[in-house]
Amino acid sequence: MEMIIAGLLDSLAPASLMFVFVGVAIGVLIGAIPGINGPMAIALFIPVTYYMSPLTAIGFLVGLNKGAFFGGAVSAVLLRTPGTPEAAATSWDGYPLTQQGKGEKALRMALYSSVAGDFVSTIVLIVIASPLAAIALFMGPAEIFALISLALTVIAGIGTNSIGRGLIAAGFGILVGLIGTEPVTALPRLTFDIYQLGGGLSLIPVAIGLLAFSEILLQLEKFTVKGGGTHVAHEFSSKLEDRMLPLKEFFASTKTLLRGSLIGIGVGAMPGLGAPVASFMSYDQAMKRSKHKEEFGKGRLEGIAASESANSAVVASSMIPLFVLGIPGNLAVAMLMGAFMIHGMQPGPLMFQENAQLMYGIYGSLIIASLFLLIIGRFGLRYFCKAVNIPAMILYPIVVFTCIMGSYLGKSDMFDVAVMLVFAFIGYFMRKFDYSYVAFLIGFILAPEWERALQQVVIISEFDTYMFFTRPVAMGLMILTFFVIARTFWKNIVDCRKTEAEEAAESAGQHKDD
Amino acid sequence: MARVKREMIASLVISVFCIIMLTWGIPTYTPEYPGYGASSALVPNVCISVMLFMACLSLLRYSMALFMKKPMSAQELHFAEDLGDNAGFTQEGRVKLKHLTSTLIPCVLLVVAIEYIAYMFVSFAFLMVFQYVIGSRNWVQSTLVSVILTAVLYIVMRYGFGVPVPGPQLF
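Residues numbered from 1 in each chain as written. Chains lettered and ligands numbered in written order. Predicted model: local features only at pLDDT ≥ 70, side-chain atom pairs only at ≥ 80, totals over all residues.

**Student:** Give me the lowdown on the interface of chain B and chain A, citing residues and values where you can.
**Tutor:** Counting from both sides, the interface comprises 55 residues of chain B and, opposite them, 58 residues of chain A. A total of ten residues in the side of chain B that touches chain A trace back to one element, the largest contributor, which is helix α2 (residues 42-67) of chain B. Residue classes in the side of chain B that touches chain A are distributed as 38 nonpolar, 14 polar and three charged. (Contact = placed C-beta atoms within 7 Å. Helix = DSSP H or I, 4+ residues; strand = E, 2+ residues; numbered from the N terminus. Nonpolar A, V, L, I, M, F, W, Y, C, P; charged D, E, K, R; others polar.)

This is the structure we're talking about:
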């Protein structure tokens, strides 16, 4: 109990409060700019947290992530350009409302739904993470190895249309993550005689290159030269009923909000699914169960509530696998995991024993971030709407130069900037060829832990390859891993046959016509 | 068929990379087996083998499509931009090498030049060139952005974080 109170009091310290507030504000601002999303913002701002205490740093980044999730709704509602996939469903009903002059009302609904989903999810995280972590402590290296193998397999399917390409990306990520000092011999491995690689590649330049810089390279391709960005005139109606969201209208969507939050929590707790799945699933359910199905897609507030509550609920619930098992379920959490490691902590069940006070402090910061999101969103909504109009000619140089200096900041070494550029180049090709950079990055982060678990299994079992068969949980997880791979390949084969059959039917039809 | 050929080249490049790593990279740059635990080459070898297997599988699949005219879906045969499909969230598409090099070259020059020339000058020059490359022709705006950004980051790094700026120190 003392730990809980001490942790919560830590989160109420002025410095901690200030950085959570700043994090949420920057997050909303960045999220509102089309093309910049939460994980990208975390990658850009992790170097800044080097100089903060662990609680302040994590609080700041969590605030940033929460803010960016809501910020994504701003561009979705005003421009119908979802900066992030999870905001796509929000635009379906949000943009028609903007066209009717009710953009402010739509944004208010998005804000309150986001806060509601996020708050419920945070409470669930607080209630269940610690007991689950206590159970997870019974897992040995064999189970951890099997679990990471399963997570990597599931995650290989994120951000790509082909699990084969996902596995290549994950394998490459692990390989890059193994560069540096080998854990058993303590000798350099895969360094190619480059002395700067002796300590391994830092997460920051790799993440900035892959997430932020390569994204900018792609956006610059689409960017038409003259004019400097697209100015969007979104006129808000001056009528009070078009701007305000009465409590009655908000509470009319209570069921949808609750359902959306639960879907978000469920989806977020499972590694690999992510916020877009939750958002689409919740929207679909809301539409199916509504008495006014025909109004969906034409500016129904319930649609916004469904999408936003679900995608925001994912933010906190996706930390459940991180805190319980030490496995990141999505990219934003992978970046947070990197931040934990930079500050000397290994996320996982042991955190509740080794850093209990800090964990309760983080819980406190999570709740505070939700409240700040409500306050900042409520009073700053009109100002954040202006962010969508920042000229690209000003925005891109700022982001590019921040990427360069952010990479330099970690070790004060220009070698890291070169590494960032190399990974920006690789990231550009990965995106263009549809190789999942998400799988790469998660493989890169989990590689040392995966290898450590394998080494422990080998040493403990004295090369007994049957060790997995004596551990039912590990065996179950390995079977599940093979099942996931086999199922995906089977699905691919079935799809191929289907295409062949369709092609044959089409050509037969053509012959008949001739 | 342009996409199929491109995928084949990509798979081929990955396969060649894997073979080089398996035959030279990993054996040369991995410590010798110390006699306990797993060999330090085990995990890299497993990863590379998985990559090689997947790349070969992909190569086989696309070769069959190209040479044996095995049918493939439109999404696999054509680029998303040709199909007018912008709904997907993958960013697959054509590589624009000219754009890529013109954007990356100023960055590479910055990394090289900053070792010899002070941060203030190099950063300012880099930002001016970069803005020109991305199409900015408003010189007043470009100069203002370059000066302000260089100065702000200098102040943040020097006085905010206490980190020396890269390159030779002026002050």
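**Student:** Give me unusual backbone geometry: which residues, what numbers.
**Tutor:** It is generally the case that most residues other than glycine have a negative phi and that most peptide bonds are trans. Residue and element names in this part refer to chain A. At Leu-190, a residue that is not glycine, the phi angle is positive and equals roughly 55 degrees. Inspection of the secondary structure assignment puts Leu-190 in the loop between β2 (188-189) and α9 (203-222). A tally of 21 C-beta atoms within 10 Å means that Leu-190 is categorised as buried. At Asp-434, a residue that is not glycine, the phi angle is positive and equals roughly 65 degrees. Mapped onto the elements of the fold, Asp-434 is located in the loop between α20 (414-432) and α21 (437-461). (Buried ≥ 20, exposed ≤ 12 C-beta atoms within 10 Å, placed from the backbone.)

**Student:** Go over the domain arrangement of chain B, please, and point to the residues and values.
**Tutor:** One can read the domain layout of chain B as domain 1 (2-83) and domain 2 (97-160). Placing a centre on the C-alpha atoms of domain 1 of chain B and another on those of domain 2 of chain B gives a separation of 37 Å. (Domains from an automatic or database assignment.)

**Student:** Give me the lowdown on the confidence of the model for chain A, citing residues and values where you can.
**Tutor:** All names here are of chain A. In the predicted model, chain A carries a mean pLDDT of 85, and 94% of its residues have values of at least 70. Considering each helix and strand of chain A separately, the mean pLDDT is smallest for helix α10 (residues 240-243), with a value of 75, and largest for α20, with 94. Considering only residues more than four positions removed or in separate chains, one finds that residues 224-231, a stretch of pLDDT under 50, has nine contacts. (pLDDT = per-residue confidence, 0-100.)

**Student:** How would you sum up α20 of chain A? Please name residues and give values.
**Tutor:** Here α20 of chain A spans 27 Å end to end across 19 residues, near enough to the 27 Å set by a 1.5 Å rise per residue. For α20 of chain A, the full list of buried residues reads Asp-416, Val-417, Val-419, Met-420, Leu-421, Phe-423, Ala-424, Gly-427, Tyr-428, Met-430, Arg-431 and Lys-432 of chain A. Looking at the buried residues of α20 of chain A, the elements they touch are α8 (163-177), α9, α19 (392-409) and α21 of chain A together with α5 (97-113) of chain B. A positive backbone phi angle near 65 degrees is found at Asp-434 of chain A, which sits one or two residues after α20 of chain A. (Expected span 1.5 Å × (residues − 1).)

**Student:** With reference to specific residues and values, describe the environment of Lys-102 of chain A.
**Tutor:** Residues and elements named next belong to chain A. Within the secondary structure, Lys-102 sits in the loop between α5 (88-99) and α6 (103-136). Expressed as a C-alpha distance, the spacing of Lys-102 and Lys-239, which sit 137 residues apart in the sequence, is 9.2 Å. For Lys-102, the contacting residues outside a window of four places in its chain are Leu-97, Ser-237 and Asp-242.

**Student:** Before we move on, could you go through the packing of helix α3 (residues 38-49) of chain A against helix α16 (residues 331-342) of chain A and cite the residues and values that matter?
**Tutor:** Residues and elements named next belong to chain A. Relative to each other, α3 and α16 sit at 10 degrees, their axes nearing to 9 Å. Our classification of the angle between α3 and α16 gives roughly parallel. Taken together, the residues of α16 that come into contact with α3 (itself represented by Gly-38, Pro-39, Ile-42, Ala-43, Ile-46 and Thr-49) are Leu-331, Ala-332, Met-335, Leu-336, Gly-338, Ala-339 and Ile-342. When grouped by side-chain class, the residues that make up the contact of α3 with α16 number ten nonpolar, three polar and no charged. (Axes fitted to C-alpha atoms, helices over the stretch in contact; angles between N-to-C directions. Parallel < 35°, antiparallel > 145°, perpendicular 65-115°, else oblique.)

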